[in-house]
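Here is what each chain is made of, one letter per residue.
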Amino acid sequence: MLTASRLRFSLQWTAAAALTVACGATLAQEEQTVKIGHAGPISGGIAHIGKDTENGVRMAVDDLNTQNLVIGGKKIKFVIAAEDDAGDPRQATAVAQKLCDQKVAGVVGHLQSGTSIPASSVYNKCDLPHITASASNPDLTKPGYKTSFRLIANDNALGAALALFAADSLKLKTVAIIDDRTAYGQGVASVFKATALQKGLKVVGEEFTNDKATDFMAILTAIKNKKPDGIFYGGLDAQAGPMLRQMEQLGLGDVKYFGGDALCTPKLPELAGKSPSVKNVTCATGGASVDKMQGGSDWKKRYDAKFPGQFQIYSPYAYDAAMVLVDAMKRANSVDPVVYGPFLSKTQYKGVTANISFIAKGELAAPAVTLYTYKDGSRVPLN
């Protein structure tokens, strides 16, 4: 039989236990899951590049979750919502709408200009910020959407840098131009052509293909007859590799070969079947080489440990893009895209790739360009 004092103790313990359970439930409710979207080609010929950027976002999410961030009074757990746009513009808009419908907090993507440009209008309509780590066509930011940002140099910088190198450093006199008819390929090729003409180079031929082609013998034969000193290709490494191999077969192995960031990957020699013509490649990327980034060396070691053998080119930028999104959330004290979105334009973030800030229309304030070539089957920086 309970005494009065034991009864009081029992009731007090029960009340305390109930309060503890209630508090625990309240604390559990205060953890909020926040989705960071990634959109890029995880299938198809450039899946290796898309997977690289996805890895960058995954690495950022893992690092963010070690910080025990509290935003808006809630402990935040970040997760990635990864979608495959297959490098197809129509699929990209469907993916963009899906990410809007999933209520992700922000998007890193898309990989290509041809997918980023149509997707950007979808993100604008649903007020969802997106940062591309790779799409370089200047048309992406021309509409002035408040939701679109770019973390690398655009084609105006890449195409111009290559043409200047061809004229001033290599002293070429004539060039031929090929593009893959995508927004990216045509954009970078047009800038290369304009700058080359300004520098006094003669454009002796212009041809085009598509971003699924593998046979370039006809257009290369037409170009061979015009005897150019160099060939510029606006397109992807998946086509540049076979093209270089076929150039060697046609006796064009000594012709200089230029291209933008989409073909400037470590995988290019493999895609070219280790053709000797790879040694004549000069390509440009927006940003510093990873070993010259302010946090690149240590970051690359961690990436290689987590994703062995998968590094291509854009993952450090994808990593920083995710970090920039969350930095804006922290400053706004909100994970709501409508609330934190305006804070992106005021970014002053010390990233792995560079000190990041934006000018009008979401362009990077101080974009860098790095030129590369290939020696002994490896990509090496020229500057």
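Residues numbered from 1 in each chain as written. Predicted model: local features only at pLDDT ≥ 70, side-chain atom pairs only at ≥ 80, totals over all residues. Heavy atoms only, no water.

Draft legend 1. Region of the structure containing the overall build of the protein chain. A count of helices and strands for the protein chain gives 12 helices and 15 strands. With respect to the three principal axes, the spread of C-alpha positions in the protein chain is 110 × 40 × 35 Å. With 383 residues in all, the protein chain has 54% of them scored as buried. Within the protein chain, contacts between residues separated by at least 24 positions form 70% of all contacts whose residues are at least 6 apart in sequence. As displayed, the protein chain offers around 16,500 Å² of accessible surface, 54% of which is attributable to carbon and sulfur atoms. Charge centroids of the protein chain, computed over 42 positive and 35 negative side chains, lie 3 Å from each other. (Helix = DSSP H or I, 4+ residues; strand = E, 2+ residues; numbered from the N terminus. Buried < 20%, exposed > 50% of the residue type's maximum accessible area, 1.4 Å probe, protein only. Contact = heavy atoms within 4.5 Å. Areas by Shrake-Rupley, 256 points an atom, 1.4 Å probe, with all protein chains shown as cover. Lys, Arg positive; Asp, Glu negative; His and termini not counted. Charge placed at Lys NZ, Arg CZ, Asp CG, Glu CD.)

Draft legend 2. Local environment of the state of the cysteines. Enumeration over the complete set of coordinates arrives at two disulfides. Each sulfur in the disulfide pair Cys100 and Cys126 lies 2.0 Å from the other. Disulfide Cys100-Cys126: torsion about the S-S bond near -45 degrees, hence left-handed. On the criterion of sequence distance, the pair formed by Cys100 in helix 3 (residues 89–101) and Cys126 in the loop between helix 4 (113–125) and strand 5 (130–132) is long-range, its members being 26 residues apart. (Disulfide = S-S within 2.5 Å.)

Draft legend 3. Molecular detail of the packing of aromatic side chains. Throughout the structure, instances matching the rule amount to seven aromatic pairs. Here the aromatic rings of Phe192 and Phe232 are separated by 4.4 Å at their centres, their planes lie at 20 degrees, and the arrangement is stacked. Here the residue Phe192 occupies a position in helix 6 (residues 183–198), and Phe232 occupies one in strand 9 (residues 230–234), the gap between them amounting to 40 residues. Here the aromatic rings of Phe192 and Phe258 are separated by 6.0 Å at their centres, their planes lie at 35 degrees, and the arrangement is tilted. Taken together, the residues span a long stretch of sequence, with Phe192 in helix 6 and Phe258 in strand 10 (residues 256–259) at a distance of 66 residues. One cation-aromatic arrangement involves Lys346 over Phe343; the distance from NZ or CZ to the ring centre is 5.7 Å. Across from the ring centre of Tyr372, 4.3 Å away, lies the NZ or CZ of Arg379, which sits over that ring. (Phe/Tyr/Trp six-rings, centres within 6.5 Å; stacked < 30°, edge-to-face > 60°. Lys NZ or Arg CZ within 6 Å of the ring centre and 35° of its normal.)

Draft legend 4. Main features of the domain arrangement of the protein chain. Domain assignment breaks the protein chain into domain 1 (31–153 + 291–367) and domain 2 (156–286). On a C-alpha basis, the centroid separation for the pair domain 1 and domain 2 is 29 Å. The interface of domain 1 with domain 2 comprises 19 residues on the first partner and 18 residues on the second. Taking both partners together, domain 1 and domain 2 bury about 1,400 Å²; carbon and sulfur atoms supply 60% of that area. Interface area lost by domain 1 to domain 2 is led by Ala153, Gln312 and Ile313, which between them contribute 27%. Put simply, domain 1 and domain 2 have zero salt bridges between them. Applying the counting rule to domain 1 against domain 2 returns four residue pairs in polar contact (both at pLDDT 80 or more). Looking at the side of domain 1 that touches domain 2, its residues break down into 10 nonpolar, nine polar and no charged. (Domains from an automatic or database assignment. Buried area = accessible area lost by both parts, 1.4 Å probe. Salt bridge = Lys/Arg side-chain N within 4 Å of Asp/Glu carboxyl O. Polar contact = N/O pair within 3.5 Å; in protein donor to acceptor, adjacent residues only side chain to side chain. Nonpolar A, V, L, I, M, F, W, Y, C, P; charged D, E, K, R; others polar.)

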